[in-house]
Amino acid sequence: MSTSTDLGGVVVATPLPYVADGAAPAGLAVDYDRYAEHCRWLVDNGCHGVGPNGSLGEYSSLTDEERRRVARTAVEAVRGDGIVVVGVHGVGWHQAKHWAELAAEDGADGVLCLPPTIYRANRGEVVAHYEAVASVGLPVMVYNNPYDTKVDLTPDLLAELAQIDNVVAVKEFSGDVRRVSAIREAAPGLAVIAGADDVTVEALLMGATGWFAGFPNVFPAESVALYELARAGDLAEARRRYEPLLAAFRWDSRTEFVQAIKLGMELVGRYGGPCRPPRGPLTPEHDAQVREAMARAVAAVRGGA
Ligand SMILES: N[C@@H](CC=O)C(=O)O
């Protein structure tokens, strides 16, 4: 169990299981029971928590009612055995703050928040956005994803955000592993969380305290083992286990990451299922690439390679 106040550890960004239902948006309803079972399975396999309503959780395809129920389902499923860090991304501060208030009411341990998602906010606007979200009182993990938001939370800007009460961590998704050291220098009190699967070991070796991304949905126990090896500085063993996983892990940063991770789950016997439109299925070429990457990863995990 994690009691981390910096929202560290292996916290899994969770996808949603949909089932056909003509009355639901796009004919696909969230299967809450299956989602609860998945959250529980992750913590039972050693993960330190779950992150509902991130981009992997297709939050932007949910109705408001669904979005809240997903967060509540996660809290109820893992309560006491892991942390729940709810995605509260919003087009502006009002929406993000609203979702943070609901997360607090529902018993979340923290929130994950992008900068305003609908326009390229300037520095002062980014600070005001996080002040509003942090005023709710839950620990806040800011989310640097300059590909989706067009706002880069640079080490210098993070140093300013770290001054805000309750801002405790950054999920670093830029892909630039140099950022880990730069952030630790600029904002020593801010926890750096590896935000993309294929930079995890590099980031953990350089002082990141968590891993918040998607492929632990496929390989939870192995991810926790890898996390512990990297945190302990066992580079040789971490690299031996990490390298066969990397071709799969790279899909976490690709446009079709949701579909790829759901296919990865199917390939290890879990339920993945479809995505809500406009996300479509993988092309045959991408499908084959994910399967090939997964075959290598699964062989390594099963063979202990
Ligand atoms: N970017 C994803 C996590 C990555 O797998 C999210 O925020 O949900």
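Counting restarts for each chain: residues are numbered from 1 in the order of the written sequence. In keeping with the model being predicted, local features are shown solely for residues with a pLDDT of at least 70 and side-chain atom pairs are shown and tallied solely at 80 or more, while totals for entire chains, interfaces and linings include all residues. Side-chain figures throughout are based on the complete set of non-hydrogen atoms in the structure, without hydrogens or water.

- The name given to the protein in an unreviewed UniProt entry is Dihydrodipicolinate synthase family protein, with Actinocatenispora rupis as the source organism.

## Some remarks on the UniProt feature "active site" (unreviewed entry) in the protein
Inference 1: Taken from the UniProt record, the annotation "active site" (unreviewed entry) applies to Tyr 143 and Lys 171. The largest pairwise C-alpha distance within this set of annotated residues, which runs over 29 residues, is 4.8 Å, so the set is compact in three dimensions. Lining residues of the largest pocket drawn from the annotated list: Tyr 143 and Lys 171.
Inference 2: Mapped onto the elements of the fold, Tyr 143 is located in strand 7 (residues 140–144).
Inference 3: Whether two residues are in contact is decided by their heavy atoms: any pair within 4.5 Å suffices. The contacts of Tyr 143, once residues within four sequence positions are left out, are Ser 55, His 89, Leu 112, Cys 113, Leu 114, Pro 115, Tyr 130, Leu 153, Lys 171 and Phe 173.
Inference 4: Strands are runs of DSSP state E lasting at least 2 residues, helices are runs of H or I lasting at least 4, and numbering of each runs from the N terminus. Tracing the backbone shows Lys 171 in strand 8 (residues 167–172).
Inference 5: When near neighbours in sequence (up to four residues on either side) are disregarded, Lys 171 contacts Leu 112, Met 141, Val 142, Tyr 143, Asn 144, Ile 193, Gly 195, Phe 212 and Ala 213. UniProt positions are given in the numbering used here, feature names are shortened, and annotations may be inferred rather than shown by experiment. Cavities and pockets are found on a 1 Å grid laid over the protein atoms alone: a cavity is a set of points where a 1.4 Å probe fits but cannot escape, a pocket is an open set with protein on both sides within 12 Å along at least five of seven lines, and a lining residue has an atom within 4 Å of such a point.

## Observations concerning unusual backbone geometry
Inference 1: The amide bond that connects Pro 277 to the next residue, Pro 278, takes the cis arrangement and shows omega of 10°.
Inference 2: Within the secondary structure, Pro 278 sits in the loop between helix 12 (257–267) and helix 13 (284–303).
Inference 3: The backbone phi angle of Ala 26 is positive, close to 60°, even though this residue is not glycine.
Inference 4: The residue Ala 26 is located in the loop between strand 2 (18–20) and strand 3 (28–30) in this model.
Inference 5: Even without being a glycine, Asn 166 presents a positive backbone phi close to 85°.

## A look at a nonpolar patch on the surface
Inference 1: In this scheme, patches are assembled from residues that exceed 30% relative accessible area and form no salt bridge. Like charges are connected within 9 Å, while nonpolar side chains (Val, Leu, Ile, Met, Phe, Trp, Tyr) are connected within 5 Å. Throughout, the Shrake-Rupley method with a 1.4 Å probe supplies accessible areas, and for residues the shown protein chains are the sole cover considered. Salt bridges are identified by distance alone: a Lys or Arg side-chain nitrogen within 4 Å of an Asp or Glu carboxyl oxygen. A cluster of nonpolar side chains, namely Val 91, Ile 118 and Tyr 119, defines an oily patch on the protein surface of about 290 Å² accessible area.
Inference 2: Residue placement: Tyr 119 occurs in the loop between strand 6 (110–113) and helix 4 (123–134).
Inference 3: Relative accessibility thresholds used throughout: buried, under 20% of the residue-type maximum; exposed, over 50%; partly exposed, between the two (1.4 Å probe, protein chains only). You can call Tyr 119 partly exposed: its relative accessible area is 39%.

## Regarding the nonpolar core
A general tendency of soluble globular proteins is for nonpolar side chains to be buried together.
Inference 1: Side-chain atoms within 4.5 Å are what join buried Ala, Val, Leu, Ile, Met, Phe, Trp, Tyr and Cys residues into a set we call a nonpolar core. Tyr 130, Leu 153, Leu 161, Phe 215, Phe 219 and Phe 249 are the most contacted members of the largest nonpolar core, which has 108 residues in total.
Inference 2: Those residues within four positions of Phe 219 in sequence are excluded, and the remaining contacts are Leu 245, Phe 249, Val 268, Met 294, Ala 297, Val 298 and Val 301.

## Section: the site of the ligand
Inference 1: A molecule or strand has a residue near it when one of that residue's heavy atoms lies within 4 Å. Near the ligand the following residues occur: Ala 13, Gly 54, Ser 55, Leu 56, Tyr 143, Lys 171, Ala 213, Gly 214, Asp 252 and Phe 257.
Inference 2: At a separation of 2.9 Å, an oxygen atom of the ligand approaches a polar backbone atom of Leu 56.
Inference 3: Summarising the interface, the protein chains cover 99% of the accessible area of the ligand, which totals 260 Å² for the free molecule.
Inference 4: Three residue categories are used. Nonpolar comprises Ala, Val, Leu, Ile, Met, Phe, Trp, Tyr, Cys and Pro, charged comprises Asp, Glu, Lys and Arg, and polar comprises the others, including Gly. Here the residues of the shell around the ligand are counted per class, giving five nonpolar, three polar and two charged. We define a polar contact as two N or O atoms separated by no more than 3.5 Å, with the added condition that, inside protein, one atom must be a possible hydrogen donor and the other a possible acceptor, whereas residues neighbouring each other in sequence contribute only through side-chain atom pairs.

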